[in-house]
Amino acid sequence: MSARSRLLWLSGLLLVLSAAWFTVNLLHPAGPPVLLWLTTPAAAAVSIVVCVRTVRAAHLPEQTRRFWRSVTIALALAAVTQLAQGFDALTGPDGVRTGPVMLIAGAAAMLVVGHALYRLPLGKHSVGALLRIVLDAASVILAATVFLWHFVTRQQLGSGHDGLLMASLVLTVLGLVAVFTVVKVLLAGCAFVDAQGLRLVAGALFVGAVAPVLEPFLHAYDPRLSPTQVSVPAVFFLAAWAAERQRHAQFGPRRGAVTQRRRVYSVLPYAAVAAVDGLLLYVFRSHDRADVAVVVGAAVALTTLVVLRQMTAFRDNARLLRQLDHGANHDALTGLPNRILFHKRLNKALTTPGERHVSVALIDLDDFKVVNDSLGHEVGDLLLIAVAQRLAGCIRAEDTVARLGGDEFVVVLDGADPAAADLAADRMVAALRAPVVADGHELPIRASIGIADGNTGDEASLLLRHADIAMYAAKNVVGTAYLHYHPSMATGTDHANIGAELREAIDREELFLLYQPIVSLDDGKLMGAEALVRWAHPTRGTLGPDAFIPVAERTGLVVLLGRWVMKTAFRQFHDWIREHGDAAPQVMNVNVSARDLREEGFAEFVGGLLKEYKLPAHRITLEITETMALEPGQSITNLHDLRELGLRVSLDDFGTGHSTLTMLHDCPIDEIKLDRSFTQANIDGRVPMAAAVIHLAQVLGLHAVAEGVETSEQAELLLSLGYIAAQGYHFSRPMSPEQFTKLLVAPRTVRTSPAAWQMSA
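Residues numbered from 1 in each chain as written. Predicted model: local features only at pLDDT ≥ 70, side-chain atom pairs only at ≥ 80, totals over all residues. Heavy atoms only, no water.

K.L.:
An account of the packing of aromatic side chains is needed here, citing residue identities and associated values.
P.N.:
Aromatic rings in a pair are described by how distant their centres are and how their planes are angled relative to each other. Using the criterion set out here, one finds six aromatic pairs in the structure. With 5.9 Å between their ring centres and 40° between their planes, Phe237 and Trp241 make a pair best called tilted. In this pair, Phe237 and Trp241 are both assigned in helix H9 (residues 228-247), four residues apart and thus about one turn of the helix distant. Here the aromatic rings of Tyr515 and Phe740 are separated by 6.4 Å at their centres, their planes lie at 70°, and the arrangement is edge-to-face. Of the two residues, Tyr515 sits in strand S8 (residues 511-520) while Phe740 sits in helix H28 (residues 737-745), which places them 225 residues apart along the sequence. (Phe/Tyr/Trp six-rings, centres within 6.5 Å; stacked < 30°, edge-to-face > 60°. Helix = DSSP H or I, 4+ residues; strand = E, 2+ residues; numbered from the N terminus.)

K.L.:
Requested: an account of the pairing of strand S7 (residues 481-484), with residues and values cited.
P.N.:
In the case of a regular strand, side chains alternate between the two sheet surfaces. Pairing analysis gives four bridges linking strand S6 (residues 447-455) to S7, with the strands arranged parallel. Bridging across to S7, Ile449 finds its partner in Tyr482. With helix H16 (residues 460-474) bridging S6 and its parallel neighbour S7, the resulting β-α-β unit is left-handed. (Pairing = 2+ DSSP bridges. Right-handed = clockwise from strand over helix to strand, strands pointing away.)

K.L.:
Quick rundown of the nonpolar core? Include the residues and the values.
P.N.:
Core analysis: the largest hydrophobic core is formed by 70 residues, its most contacted members being Tyr515, Met566, Phe570, Met588, Ile620, Ile672 and Tyr723. Here this core gets 10 residues from one element, more than from any other, and that element is helix H19 (residues 557-580). The residues touching Ile620, leaving out its near neighbours within four places in the chain, are Phe570, Phe573, Met588, Leu610, Leu615, Leu647 and Arg648. Counting residues in each nonpolar core, the second largest holds 32 residues, with Leu413, Ala416, Val429 and Leu443 among its members. (Core = buried A, V, L, I, M, F, W, Y, C linked by side-chain atoms within 4.5 Å. Buried < 20%, exposed > 50% of the residue type's maximum accessible area, 1.4 Å probe, protein only. Contact = heavy atoms within 4.5 Å.)

K.L.:
Give a description of the pattern of salt bridges that names residues and reports values.
P.N.:
Under the counting rule described, the total for this entry stands at 19 salt bridges. Linking Arg508 and Glu504 is a salt bridge whose minimum nitrogen-to-oxygen distance equals 3.0 Å. On the basis of relative accessible area, Arg508 is assigned to the partly exposed category, the value being 44%. Take Glu504: its relative accessible area is 42%, and that puts it in the partly exposed class. (Salt bridge = Lys/Arg side-chain N within 4 Å of Asp/Glu carboxyl O.)

K.L.:
Explain a nonpolar patch on the surface to me, and be specific about the residues and the numbers.
P.N.:
Together, Val34, Leu35, Leu38 and Leu90 make up a nonpolar patch on the protein surface, roughly 310 Å² of accessible area in all. The partly exposed category is assigned to Leu35, whose relative accessible area is 33%. (Patch = residues over 30% accessible without salt bridge, like charges linked within 9 Å, V, L, I, M, F, W, Y side chains within 5 Å. Areas by Shrake-Rupley, 256 points an atom, 1.4 Å probe, with all protein chains shown as cover.)

K.L.:
Could you give an account of the pairing of strand S9 (residues 526-537), with specific residues and numbers?
P.N.:
Burial analysis of S9 places nine of its 12 residues in the buried class, the great majority of the element. Pairing between S8 and S9: nine bridges, direction antiparallel. What sits directly across from Phe512, in S9, is Arg534. Here S8 hands over to S9 after five residues, with Gly524 in that stretch at a positive phi of 75°.

Written out as structure tokens, the structure is:
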């Protein structure tokens with residue numbers, strides 16, 4: 001048995017001895033009266049030692065040790081109180097057991113306990129919950145007061161001992177204060193005291209407060225007996241038990257531990273009502289009208305307290321129900337109606353009797369994922385909140401703006417025809433024009449708005465689907481724009497399904513690369529290869545990049561897709577160089593998205609791949625578009641970092657952008673690829689645009705490649721203009737890696753065997 005167990009057993013043994021000797025004297029007086037008071041000092045010493053060990057436990061928080069330090073002091077004062085009471089009982093006149101030492105020490109013990117409980121940090125509670133706690137505690141105190149009045153104070157009023165009466169009143173008031181405090185703590189909870197230990201402390205206070213009720217009865221039966229001869233050892237035992245539990249309690253989060261929610265319902269006030277009602281029935285048997293009046297008045301007051309408590313509970317319950325209803329139907333971040341409430345409002349608008357217009361506007365924030373990825377979700381949340389507030393300020397009272405999730409918002413325009421929907425959309429566009437300042441970042445807003453025009457009786461799902469199609473069509477318009485749904489918009493690829501399937505396609509390795517040769521127009525020899533991604537869709541067949549790259553850019557999957565393409569192309573290029581040496585392509589061209597260029601650490605990722613596959617950087621060309629290169633900030637930084645690694649940068653689809661010359665001046669470019677629209681332009685006697693581009697490239701010292709060459713006439717014209725490299729179906733369609741490998745094994749030139757290049761993938 002451990003030391004802690006022995007001390008607790010010793011405390012319990014002293015309590016048993018006290019109760020046994022008290023019972024013996026209750027049945028028949030035995031031995032000298034001093035024996036009835038001897039167990040108190042020993043019980044006090046044991047409980048104080050246990051509490052001191054708890055105070056010295058270094059793993060306990062300071063608030064906890066401070067509380068038990070106060071309990072130790074209170075126990076010491078209680079021991080002094082009991083010793084003084086025993087001394088007064090043994091040496092004083094008959095019936096007088098409340099000397100000044102006992103009175104002062106007892107009052108001090110009550111104050112110390114009350115102060116210690118008051119200083120305990122309580123959990124957070126609403127105003128209504130705190131009011132209920134106070135009302136519950138007041139109910140218990142009122143019931144305790146009535147019992148003490150009836151069994152103690154009322155008896156002392158007729159005793160003729162003014163000192164005894166005063167002592168009784170003082171100790172009663174202090175005891176009630178301590179009981180009120182502990183009840184409040186029990187109801188409110190405390191994170192720094194063991195819950196079971198706190199209940200044991202409450203039990204000790206209850207025993208100490210209730211025991212004096214029996215004093216008049218025992219004194220009349222045998223003046224030597226006092227309830228404190230048993231109750232005080234019981235208090236010491238309960239305190240020692242609580243302290244021992246506290247010393248071995250664990251604080252802080254524990255793995256696998258689940259915090260139980262506190263039970264807000266309490267039986268204490270109802271038990272207090274039942275006790276006072278029982279006392280009321282008891283005193284009705286007597287003929288003391290004053291006593292009956294006091295108990296009746298207390299019962300009425302107690303009933304009033306419980307009714308007030310219930311009224312506050314009903315009010316808080318109603319508020320909670322409203323909060324639950326609001327939380328179930330509103331978005332937690334923006335406070336807007338959520339998808340559930342949106343569908344309710346839309347269905348209500350579409351099922352209203354009579355003929356009326358109903359429009360739905362679907363708003364999607366473009367490049368929102370970029371904000372989350374680059375600046376963090378906190379900034380993204382601030383952007384969503386600001387957009388929600390602006391959209392809410394654009395609608396009428398009968399309209400509903402909701403957040404569907406992510407960066408998607410929707411507006412139900414009840415009773416709005418297409419013209420009225422245009423006005424609402426114009427207000428939205430104007431509201432979103434100014435950038436949002438979030439956490440010190442100025443964030444421009446670009447949104448795509450799709451509007452579906454409907455009428456009562458239409459299906460809500462169809463109307464929302466039309467708005468979704470129109471929204472995707474609006475993404476092709478520069479800047480924040482809106483479009484009304486038109487049936488012709490629904491003939492394209494199902495973007496929503498494609499977006500949902502694309503991530504799984506990457507995981508299932510349904511994507512693959514083809515390689516299109518880049519050849520020399522002068523001698524027809526292989527110069528390089530461009531990696532082109534395809535998707536072997538299980539039901540749609542092979543999909544080209546135009547079918548899924550735009551969706552990947554909108555969903556943010558383009559980063560994952562782009563890194564897969566680059567890693568696969570680099571690995572294939574490494575294999576060709578290792579197996580075929582000089583016969584391998586001299587350059588591998590890989591397309592890079594705008595999202596890749598905006599990604600911090602992109603240059604480091606590319607550098608890591610170069611090291612992994614041991615590729616010389618100058619044999620890798622990254623293809624970008626004009627609009628990508630024009631984006632300031634991280635895009636330009638990544639371009640310079642890539643150039644410093646030794647990679648080459650090619651400007652794809654040259655001539656289709658709106659600021660080509662500015663871009664060539666400001667951005668680090670090594671190569672331009674003439675767009676197929678100029679390669680395939682009809683010769684009408686004017687100077688071809690391809691000539692102007694090659695002269696510009698020569699002046700700037702840039703390598704030029706002509707794309708989309710499909711005929712020998714086009715190849716000859718480009719060669720005569722000064723182009724030295726080209727690619728297109730005239731030479732070869734994109735090839736699988738196996739087909740391209742066969743080309744490396746048996747190299748041919750376009751001039752000696754043009755048919756050899758017509759190898760279909």
